[in-house]
Amino acid sequence: MAVITDVREQDVVLPPEPGLTPEEVVARAAALIPLLVEEQAGTEARTYYSEDVHERFARAGFYRILVPRRYGGYEFGVDTFMRVAMTLTRGCPSTGWMYTLGAAHALAAATLFGERAQDEIFAGGDFISPATVMPSGTAERVEGGWRISGTWAYCSGAPYATHFMGHTLVPYADGEPPMPMFFIVPRADWRRLDDWGGQLGLKGSGSHSIVIDDAFVPDHRTIASHISGVSVTEGTPGLRLHGNPQYGGGPLSFMILESAVLAVGMAQGMLDAYEELMVSRTTSFPPITGRAENPDFQFWYGEATAKIDTAEGAILNALREWTETCAKGSELFTREQELRIATIGREAVRLSWDAVQRYLFPTAGSSAVRNGERVERIWRDMSTLHSHAGIAVYLSTMANRERAMARFGIEDPHH
């Protein structure tokens, strides 16, 4: 990988391109779409995007978008990160998924951990860290921290990761049942298994398992909670350290918006592929015309674009609301507000999927859904997205109940 060197000026770490703007970084993502489309088959066969693509992402600054300025990051807004994620996913769903679920967790790290931990976490500038929500492994209490071992599955972003964030169950008090503990470990403390690629879709998302063998994790790199249950209403270490309101926002809603942005990006990619068919293919039955001139295809295309545009609009509005809530004060990031934003993301996923499965995929034609065709690949990837626990389980059922309980002041025994 090409070496990217930080610049120090008066003891402040500057990123490689101090003058880079959000508009430029989004434009760089858009310029990579043709390459990502071209490399889709290779990405699936490899089970993760190539070293060349990884180097391009690093040079473009993609791994520093959410990293705080004091550590050589760009500290751009969450909207910039999500626009980059959506754009990359439009080119290749697997690549977008792997990038997003690795680089996005810079925000959680910069929000939830204290200065000592962040000094260690962000020492390299670039930051890529899978984060899983299912507790696994074991933790033994030792002086100054924990010794952790185990295997964590579905670690999207693992191939080029600098860190790993996971959960395990620990006994905080004698006689009490074990409770979740969130932790972060550097790359040197874990190894990646070669166990990804057998799923229906997202074969190139780099969602391998990670194994930790008796690693020492100091207390300052652990949080005594599940990440989804962390409350930021009293402020956060990151807000106090960096003074940027985005490091005081709710982690649950942001994580849900990641999945929603991925769904919208996939649907946009499907629409791109469908547009190519509209101008290159004809109808199957008389009168034989180009698809773009046919009223039925015009209708299907129009219905799909309306749903996808609405999904994108909902996401952009949710991101704006997330940012505005941060700016007004962390005390406003209540559980109800988190779930409000999360369920907006859920509806964006549903709109995107409806556009694809109801209008675009069924009418693309059998030749467009042969193995390896772009339409076929995106349909597989979107189908697999729906097996993600956050979408299939939490957003479909639990989030609705939790939002109602939050609204009516009913105590949730799990938080």
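None of these values were measured; they are calculated from a predicted model.

Enquirer: Would you mind showing me how to read the side chain of Asp354 here?
Expert: Mapped onto the fold, Asp354 is located in helix α12 (residues 335–363). For Asp354, a relative accessible area of 18% translates into the label buried. At a separation of 3.0 Å, a polar atom in the side chain of Asp354 contacts the side chain of Lys307. In contact with Asp354, not counting residues within four places along its chain, are Lys307 and Tyr359.

Enquirer: Looking at this structure, I do not really get the pairing of strand β8 (residues 207–218). What am I missing?
Expert: Each regular strand displays side chains that alternate between the two surfaces of the sheet. Of all 12 residues in β8, nine are buried, a share of seventy percent or more. Bridge count for strand β7 (residues 191–192) against β8 is two bridges, and the pairing is antiparallel. Within β8, the residue paired with Arg191 across the bridge is Val211.

Enquirer: Explain the packing of aromatic side chains to me, please; I cannot follow it from the model alone.
Expert: Centre distance and the angle of the planes are the two values used to describe a pair of aromatic rings. Summed over the entire model, instances satisfying the criterion amount to 22 aromatic pairs. Considering the side-chain rings of Tyr48 and Tyr160, the 5.8 Å spacing of their centres and the 85 degrees angle between planes classify their relative orientation as edge-to-face. Residue Tyr48 is found in the loop between α3 (40–46) and α4 (51–60), and its partner Tyr160 is found in the loop between β4 (145–156) and β5 (163–170); the two are separated by 112 residues along the sequence. By the burial criterion, Tyr48 is buried, and Tyr160 matches it. Pairing Tyr274 with Phe297 gives two aromatic rings, centres 6.5 Å apart and planes at 40 degrees, and the pair type is tilted. With Tyr274 in helix α10 (residues 251–280) and Phe297 in helix α11 (residues 295–328), this residue pair connects regions lying 23 residues apart in the sequence. Positioned above the aromatic ring of Trp190 is the side chain of Arg187, whose terminal nitrogen or guanidinium carbon lies 3.9 Å from the ring centre.

Enquirer: For this particular structure, what's the right way to read the sheet that holds β5?
Expert: Across a sheet, paired strands are connected by hydrogen bonds in the backbone, their directions being either parallel or antiparallel. Here three strands make up an open sheet; going across it, the order is β5-β6-β9 and the pairing antiparallel. On the outer flanks of this sheet lie β5 and β9 (222–223), each paired with one strand and no other. Here eight bridges tie β5 to strand β6 (residues 179–186), and the two strands are oriented antiparallel to one another. By the bridge assignment, Leu169 is partnered in β6 with Pro180.

Enquirer: Which parts of the structure should I look at to understand the pattern of salt bridges?
Expert: Side-chain pairs of opposite charge can arise whenever the charged atoms involved come near each other. Following the criterion strictly, the structure yields 22 salt bridges and no others. Note that Asp52 and Arg56 form a salt bridge whose closest N and O atoms lie 2.9 Å from each other. Separated by four residues within a single helix, Asp52 and Arg56 lie in helix α4, roughly one turn from each other. Take Asp52: its relative accessible area is 33%, and that puts it in the partly exposed class. On the accessibility criterion, Arg56 (34% relative accessible area) is partly exposed. Here Arg221 makes a salt bridge to Glu120, at a shortest N to O gap of 3.0 Å. On the criterion of sequence distance, the pair formed by Arg221 in the loop between β8 and β9 and Glu120 in helix α8 (residues 115–121) is long-range, its members being 101 residues apart. With relative accessibility at 11%, the residue Arg221 sits in the buried group. In this structure Glu120 comes out as partly exposed when scored by relative accessible area, which is 37%. Counted as one network, the salt bridges with shared partners bring together Glu44, Glu376, Arg377 and Arg380.

Enquirer: What is the right way to read helix α13 (residues 374–385) from this model?
Expert: Structurally, the α-helix is built with 3.6 residues per turn, so residues lying three or four positions apart point the same way. Taking 1.5 Å per residue, 12 residues should reach 16 Å; α13 reaches 16 Å between its end C-alpha atoms and fits that length. Burial runs high along α13: 11 of the 12 residues are buried. Taken together, the buried positions of α13 are Arg374, Val375, Glu376, Arg377, Ile378, Arg380, Asp381, Met382, Ser383, Thr384 and Leu385.

The rules behind the values
Residues numbered from 1 in each chain as written. Predicted model: local features only at pLDDT ≥ 70, side-chain atom pairs only at ≥ 80, totals over all residues. Heavy atoms only, no water. Helix = DSSP H or I, 4+ residues; strand = E, 2+ residues; numbered from the N terminus. Buried < 20%, exposed > 50% of the residue type's maximum accessible area, 1.4 Å probe, protein only. Polar contact = N/O pair within 3.5 Å; in protein donor to acceptor, adjacent residues only side chain to side chain. Contact = heavy atoms within 4.5 Å. Pairing = 2+ DSSP bridges. Phe/Tyr/Trp six-rings, centres within 6.5 Å; stacked < 30°, edge-to-face > 60°. Lys NZ or Arg CZ within 6 Å of the ring centre and 35° of its normal. Salt bridge = Lys/Arg side-chain N within 4 Å of Asp/Glu carboxyl O. Expected span 1.5 Å × (residues − 1).

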